[in-house]
Amino acid sequence: QVQLEESRGGLVQTGESLSLSCAASPSASGIIFTIGTMAWYRQAPGTPRELVAAITSSGATDYLDSVKGRFAASRNSIQNMIFLEMSRLKPEDTAVYYCYAEGHSGGLSDPWKPFATWGQGTQVTVSS
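All values reported here derive from a predicted model rather than from experimental measurement.

Cut-offs used in this document
Residues numbered from 1 in each chain as written. Predicted model: local features only at pLDDT ≥ 70, side-chain atom pairs only at ≥ 80, totals over all residues. Heavy atoms only, no water. Pairing = 2+ DSSP bridges. Helix = DSSP H or I, 4+ residues; strand = E, 2+ residues; numbered from the N terminus. Axes fitted to C-alpha atoms, helices over the stretch in contact; angles between N-to-C directions. Buried < 20%, exposed > 50% of the residue type's maximum accessible area, 1.4 Å probe, protein only. Core = buried A, V, L, I, M, F, W, Y, C linked by side-chain atoms within 4.5 Å. Contact = heavy atoms within 4.5 Å.

Caption draft 1: Just the sheet that holds strand β3 (residues 18–26), in detail. The four strands lie next to each other as β1-β3-β8-β7, forming an open sheet whose pairing is antiparallel. Since the sheet does not close on itself, it has two edges, and those belong to β1 (2–6) and β7 (71–76), each with one partner. Each adjacent strand pair in this sheet contributes to an overall mean axis angle of 15°, direction not counted. Taken together, the six bridges between β7 and strand β8 (residues 81–86) define a ladder with antiparallel strand orientation. The residue of β8 that forms the bridge with A73 is L84.

Below, the structure written as structure tokens:
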């Protein structure tokens, strides 16, 4: 019902910055939706997927301890977008970054129901 599209990641050097964005859109004509929480997760090789940053519909934020002070998440709820500004990047930040959103969706003939969905992931690589 709802799809997420992340911007391209990239290859950067240690200490540099990179920005990511994610936009939510209906997967079919006539679908409408509202979003509660949007978030960024990441998964490095050989590790579980972990929460990087989350923003609720009220604007409350939560960050992974290792990125506090370096990463900043922001959100445009009207445009259904979330952003991630990453600075002072480290090799440990290398991972596939995934956008996540949860909310409710429906249509003229569809019941209003909850959803949770993921983007396809975008690669961020930080060279040592």
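So, next bit.
Caption draft 2: Structural detail: unusual backbone geometry. For N80, which is not glycine, the phi torsion reads 55° and is therefore positive. Take N80: it is sitting in the loop between β7 and β8. Residue classification places N80 among the buried residues on the basis of a relative accessible area of 19%. A positive phi angle, close to 45°, is found at R88, a residue other than glycine. On the secondary structure map, R88 appears in the loop between β8 and β9 (95–107).

Caption draft 3: Representation of the nonpolar core in the model. Core analysis: the biggest nonpolar cluster contains 30 residues, and W40, V52, F71, L84, M86 and Y97 have the highest contact counts within it. Elements with a minimum of two residues in this core: β1, β3, β4 (32–43), β5 (50–55), β7, β8, β9 and β11 (122–127). Apart from residues no more than four positions distant in its own chain, M86 is found in contact with E16, S17, L18, L20, R70, F71, Y97 and V124.

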